[in-house]
Amino acid sequence: MGRGRAKAKQVKVARQLKYNSGGTDLDRLRDELGVGDSGNDDADDRNDELADRYADYADDYGDEGDDDNRRPDRR
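Residues numbered from 1 in each chain as written. Predicted model: local features only at pLDDT ≥ 70, side-chain atom pairs only at ≥ 80, totals over all residues. Heavy atoms only, no water.

## Things to note about the overall build of the protein
Thought 1: Scanning the protein from N- to C-terminus turns up three helices and zero strands.
Thought 2: In sequence order, the protein lays out its α and β elements as α-α-α.
Thought 3: Looking at the protein as a whole, 0% of its 75 residues are labelled buried.
Thought 4: A total of about 8000 Å² of accessible surface is found on the protein, and carbon and sulfur atoms cover 44% of it. (Helix = DSSP H or I, 4+ residues; strand = E, 2+ residues; numbered from the N terminus. Buried < 20%, exposed > 50% of the residue type's maximum accessible area, 1.4 Å probe, protein only. Areas by Shrake-Rupley, 256 points an atom, 1.4 Å probe, with all protein chains shown as cover.)

Now the structure itself:
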């Protein structure tokens with residue numbers, strides 16, 4: 001029967017963590033993950049390269065998988 005207080009304490013702590021965790025130190029997190037702050041220019045360049053690469057695929061394989069060109073079935 002002694003579990004009631006322990007469970008209530010765990011629920012209280014869980015609620016505090018869920019709703020009152022405070023702010024996140026993003027700089028510290030970035031340091032822990034080893035992500036450099038190189039700015040958005042490099043990321044934008046990489047995204048542009050990927051977009052160009054997949055645009056080439058879209059040109060090659062464009063309309064094969066589209067279902068928009070099918071005629072609707074009549075009943």
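## A short note on a nonpolar patch on the surface
Thought 1: A contiguous nonpolar surface patch, about 390 Å² in accessible area, is contributed by Leu26, Leu29, Leu33 and Val35.
Thought 2: Counting through the fold element by element, leucine 33 comes out in helix α2 (residues 26-33). (Patch = residues over 30% accessible without salt bridge, like charges linked within 9 Å, V, L, I, M, F, W, Y side chains within 5 Å. Salt bridge = Lys/Arg side-chain N within 4 Å of Asp/Glu carboxyl O.)

## A closer look at the pattern of salt bridges
Thought 1: This structure, assessed with the given rule, holds two salt bridges.
Thought 2: Put simply, arginine 30 and aspartate 27 hold a salt bridge, and the shortest N to O gap is 3.0 Å. Of this pair, arginine 30 and aspartate 27 both sit in helix α2, three residues apart, which is roughly one turn of the helix.
Thought 3: For arginine 30, a relative accessible area of 29% gives the class partly exposed.
Thought 4: What makes aspartate 27 partly exposed here is its relative accessible area of 49%.
Thought 5: Notably, a salt bridge pairs arginine 28 with glutamate 32, separated by 3.3 Å at the nearest N-O pair. In this pair, arginine 28 and glutamate 32 are both assigned in helix α2, four residues apart and thus about one turn of the helix distant.

## Some points on α2
Thought 1: A small share of α2 lies buried, amounting to zero of its eight residues.
Thought 2: Positive phi shows up at glycine 34, right after α2, with a value of about 75°.

## A closer look at a negative patch on the surface
Thought 1: On the surface, Asp44, Asp45, Asp48, Glu49, Asp52, Asp56, Asp59 and Asp60 cluster together to form a negatively charged patch.
Thought 2: Within the secondary structure, aspartate 52 is located in helix α3 (residues 40-61). (Lys, Arg positive; Asp, Glu negative; His and termini not counted. Charge placed at Lys NZ, Arg CZ, Asp CG, Glu CD.)

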